[in-house]
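One-letter residues, chain by chain:
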Amino acid sequence: MGISLPFPPQGELTDVEIPWDISLSYYLDGKEFSADEIAGKSGKLEIRFHVMENTACSGSFFDDYALQASFTLDTEQCNNISAPDATIVNVGSSKQLTYTILPGEGIDAVVTADVDDFEMSAVSMNGIHLNLNMEIDDTELDRKSTRQN
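Here's a quick rundown of the structure.

Cut-offs and rules
- Residues numbered from 1 in each chain as written.
- Predicted model: local features only at pLDDT ≥ 70, side-chain atom pairs only at ≥ 80, totals over all residues.
- Heavy atoms only, no water.
- Helix = DSSP H or I, 4+ residues; strand = E, 2+ residues; numbered from the N terminus.
- Buried < 20%, exposed > 50% of the residue type's maximum accessible area, 1.4 Å probe, protein only.
- Core = buried A, V, L, I, M, F, W, Y, C linked by side-chain atoms within 4.5 Å.
- Contact = heavy atoms within 4.5 Å.
- Pairing = 2+ DSSP bridges.
- Axes fitted to C-alpha atoms, helices over the stretch in contact; angles between N-to-C directions.

Digging into unusual backbone geometry
The backbone phi angle of Asn 80 is positive, close to 55°, even though this residue is not glycine. Residue position: Asn 80 is located in strand β5 (residues 78-82). Assessed through its relative accessible area of 57%, Asn 80 is described here as exposed. Residues other than glycine seldom take positive phi values, yet Asp 117 does so here, at roughly 55°. Secondary-structure assignment places Asp 117 in the loop between β8 (107-115) and β9 (124-129).

Below is the structure:
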């Protein structure tokens, strides 16, 4: 016996484009692998992370929203982790690499590590309306501006 809803299901989108073109490429010892193929392998890992505007998406989301992407690498499997454009924090026995791509911007980033029996959880990506809720005391700025004139 099924459940009958008094309203049609909501939240079902069809043929939708997201504001960003996102690509992840995985290389081990210089050879490209798919995400499935690289699992369990060992060597010198390189993850190339590329984000740019998806021109097929209508609206101003690309220019109005920041994109936050997080990678989590287990330090028992990954050593010598390098991600120059990321904020890197320790999360238990893992390193979390977080990229914040500002509205209207893209990124070409590279993550490298020496890996043994490599595996990685899914990359988390979130579009966020960037709101820097900061209060600024502009009294001093006004005084300096008045003195310079």
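A closer look at the nonpolar core
The biggest cluster of nonpolar side chains holds 26 residues, and the ones touching the most others in it are Phe 49 and Tyr 99. Among the secondary structure elements, those contributing two or more residues to this core are β1 (20-28), β3 (43-53), β4 (65-74), β7 (94-101) and β8. When residues in this core are grouped by element, the largest group, five residues, is from β8. Beyond its immediate stretch of four places on either side in the chain, Phe 49 contacts Ile 22, Ser 23, Leu 24, Ala 69, Phe 71, Tyr 99, Ile 101, Ile 107, Asp 108, Ala 109 and Met 125.

A look at the sheet that holds β1
Read from one edge of the open sheet, five strands run β2-β1-β3-β8-β5, paired in antiparallel fashion. Looking at which strands have only one partner, the edges of the open sheet turn out to be β2 (31-33) and β5. The average angle at which neighbouring strand axes cross in this sheet is 30°, direction not considered. Inspection of the sheet shows β3 paired to β8 by nine bridges, in the antiparallel sense. Residue pairing for β8: Leu 45 is matched across the bridge by Ala 113.

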